[in-house]
Amino acid sequence: MEKVKVGIVGLGRLGSCHAKNIAFKIANATLVAACSVRSEEREFAKRELDVSECYDDFKEMVTKADIDAVVIVSSSNFHNEHIRIAMEAGKHVFTDKPLGLNMEECLDSQELINKHNDQIFMIGYMRRYDPTYMYVKKKIQEGAIGKPFAVRCTSIDPEDTIDGAIAYAETSGGLFRDMTVHDIDLARWFLEDEPETVYTVGGAYVHKEFEKMNDADNACAIMKFKNGGFASFYSGRDALHGYHIETEIIGPKGMFRIGAVPQKNLSMIFNENGAVQECVSYFPERFAEAYLNEMQEFIDCVQNGRTPGVGAVDGVEGMRVAYAMTKAFKTGHVEKIDV
Ligand SMILES: NC(=O)c1ccc[n+]([C@@H]2O[C@H](COP(=O)([O-])OP(=O)(O)OC[C@H]3O[C@@H](n4cnc5c(N)ncnc54)[C@H](O)[C@@H]3O)[C@@H](O)[C@H]2O)c1
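Computed from a predicted model, the values in this text were never measured in an experiment.

> Break down the site of the ligand for me, with residues and values.
In the vicinity of the ligand, 27 residues are found, and the nearest of them are Arg13, Ser36, Glu41, Ser76 and Tyr291. For the ligand, an oxygen atom lies 2.8 Å from a polar atom in the backbone of leucine 11. A distance of 3.3 Å is found between an oxygen atom of the ligand and a backbone nitrogen or oxygen belonging to valine 37. Burial of the ligand by the protein amounts to 91% of the accessible area it has alone, namely 850 Å². Looking at the shell around the ligand, its residues break down into 11 nonpolar, 11 polar and 5 charged. Counting contributing residues per domain, the shell around the ligand is built from domain 1 (4–119) and domain 2 (128–286 + 318–336), each supplying no fewer than three.

> I'd love a proper account of the sheet that holds strand β7 (residues 150–158), names of residues and values included.
The 7 strands lie next to each other as β12-β11-β7-β10-β9-β8-β15, forming an open sheet whose pairing is mixed. Two strands lie at the open edges of the sheet, namely β12 (254–258) and β15 (335–336), each paired on one side alone. On top of the sheet, helix α12 (residues 312–331) reaches β8 (195–203), β9 (218–225), β10 (230–239) and β15; it is set at about 50° to β8, its chief contact.

> Account for the environment of serine 16, naming residues and giving values.
As for its placement among the helices and strands, serine 16 is situated in helix α1 (residues 15–25). Residue classification places serine 16 among the buried positions, given a relative accessible area of 16%. Measuring from C-alpha to C-alpha, the distance between serine 16 and valine 73 comes to 9.0 Å, with 57 residues separating the pair along the chain. Here the side chain of serine 16 touches glycine 12 through a polar contact of 2.7 Å, landing on its backbone oxygen.

> With reference to specific residues and values, describe the sheet that holds strand β6 (residues 121–124).
Strand order in the open sheet formed by 6 strands is β3-β2-β1-β4-β5-β6, with parallel pairing between adjacent strands. Every interior strand has two partners, whereas the edge strands, β3 (53–55) and β6, have only one. Neighbour to neighbour, the strand axes of the sheet diverge by 25° on average, direction disregarded. As paired elements, strand β2 (residues 29–35) and β3 share 3 bridges and run parallel to each other. Counterpart to cysteine 35 in the pairing with β3 is tyrosine 55.

> Go over the packing of aromatic side chains, please, and point to the residues and values.
Considering all chains together, one arrives at 8 aromatic pairs under this definition. Ring geometry for tyrosine 133 and phenylalanine 190: centres 6.5 Å apart, planes at 35°, overall tilted. Here the residue tyrosine 133 occupies a position in helix α6 (residues 131–141), and phenylalanine 190 occupies one in helix α8 (residues 175–191), the gap between them amounting to 57 residues. As far as the burial class goes, tyrosine 133 and phenylalanine 190 line up, both buried. Summarising the aromatic geometry, the rings of phenylalanine 176 and phenylalanine 329 are spaced 5.6 Å apart at their centres and angled 55° between planes, so their arrangement reads as tilted. Of this pair, phenylalanine 176 sits in helix α8 while phenylalanine 329 sits in helix α12, and the two are 153 residues apart along the sequence. Through a chain of ring-to-ring contacts, the aromatic side chains of Tyr243, Tyr282, Phe283, Phe287 and Tyr291 assemble into a single cluster. Over the ring of tyrosine 168 we find arginine 13, and its NZ or CZ is 5.9 Å from the ring centre. Positioned above the aromatic ring of tyrosine 323 is the side chain of arginine 177, whose terminal nitrogen or guanidinium carbon lies 4.2 Å from the ring centre.

Basis of the calculations
Residues numbered from 1 in each chain as written. Predicted model: local features only at pLDDT ≥ 70, side-chain atom pairs only at ≥ 80, totals over all residues. Heavy atoms only, no water. Near = heavy atom within 4 Å. Polar contact = N/O pair within 3.5 Å; in protein donor to acceptor, adjacent residues only side chain to side chain. Areas by Shrake-Rupley, 256 points an atom, 1.4 Å probe, with all protein chains shown as cover. Nonpolar A, V, L, I, M, F, W, Y, C, P; charged D, E, K, R; others polar. Domains from an automatic or database assignment. Pairing = 2+ DSSP bridges. Helix = DSSP H or I, 4+ residues; strand = E, 2+ residues; numbered from the N terminus. Contact = heavy atoms within 4.5 Å. Axes fitted to C-alpha atoms, helices over the stretch in contact; angles between N-to-C directions. Buried < 20%, exposed > 50% of the residue type's maximum accessible area, 1.4 Å probe, protein only. Phe/Tyr/Trp six-rings, centres within 6.5 Å; stacked < 30°, edge-to-face > 60°. Lys NZ or Arg CZ within 6 Å of the ring centre and 35° of its normal.

Written out as C-alpha cells, the structure is:
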C-alpha cells in the first residue's frame, strides 16, 4: 500500500485536529473523504483540507469512498455503530475513546473488533504517545525507578470551558468516564496490572449543575491493583490557571513526576505579580504532539500490517474501571471492579 487512504467521521473539536494532521502532517496518508452532520464542517473540509468527497451519512462514506481506513471522532454515542459499519465493510479503524457509550456497547465493539482481527484497530488513548510519557515509560522499562508500585494522577479541566462541560455532561458519561478514563489508562499502562477495587469521594463544590446529573466537579478515587500496587486520582473541572495534567509514577528506587506545573513553554514573566509562568490552555495545545504521534502510529500499523500497542482491551478495561469508579462515587462504598 503506497499511501493509506483515510475517511474521517467527526470534524468537531478533536476531529478537526486529527483531520488536519492526516491532511498535512502524515506523509504516508491521504485524507480522501470526510463526514459530518454539520454543513459548515463539511465546507471546512472542502475549503481548508482540500477533501473532495464530503458526506453527511457515515454509511454512505464507507460504502462509496475509495478508502482503506476510517478515523472515528464522532460523538461518543455513535462510536459503537460507526465501528460496526466500518469493521463490517472491511476497513481498518482508529476510534477516539470510548468504544461505546456504556459497557454493553464497549463489549459489543470489542467482539466486533476481535471478529475482524485481520483489520488494524486502534483506540485513541493519546497520552501514551505524548513524548514525555513515552520517555518516562522507556526509562521505567530500563529500570530507572525499579518496578513501579504506585501512580498518582491529577487532571483538571480549565474553568473557562465549564459551559461546554455542563452542556456535554449528560451525554459524556460524567467526570470519571469522560475525563478520568485517560488517567485510568495511564495507571494500567505504568503498573502493567489491572485494578481490583476502588473507593471514590467528591461532589459538586463549585458548579451545582453537576449535582443534578449525579456527577461531580471535584473528586478523588483510590484504587488497589491485583498485584498489590495502588493508584490515586484527583479529577476536577475548574482550574483557573489552565489545563492541569500531572502524573507521578513511584517505584522503590525513585519516582517520576510529569507536568507538575502545566507550563506553556519555558518562558517566565517577571513583573508586579512575581515570577509568573503561563500554562497550557486545553487538550489540543497540551497534547498536540501526542495526537499527531498516535495517528502516525495508526497509519504506520495499517501500512505495515503491525498491531498497535493500544487496542480494544484497553478501551474495555478502562471503561470497566471508570464505571466502578462512578458506582463507588454514588454508593460511598469500596466497589469491586467487576461491572
Ligand atoms: N482523546 C481525547 O483527548 C479526546 C478529547 C476530546 C474529545 N474526545 C472524543 O472525541 C469524540 C468527539 O469529541 P469532540 O469534542 O470533538 O465533539 P464535537 O461535538 O466537537 O464533534 C462531534 C463531531 O461528530 C460529528 N457527528 C456527530 N454525530 C454524527 C453522525 N451520526 N454522523 C456523522 N458525524 C457525526 C459532528 O458533526 C461533529 O463533527 C468524543 O467521542 C470524545 O469522547 C477525545
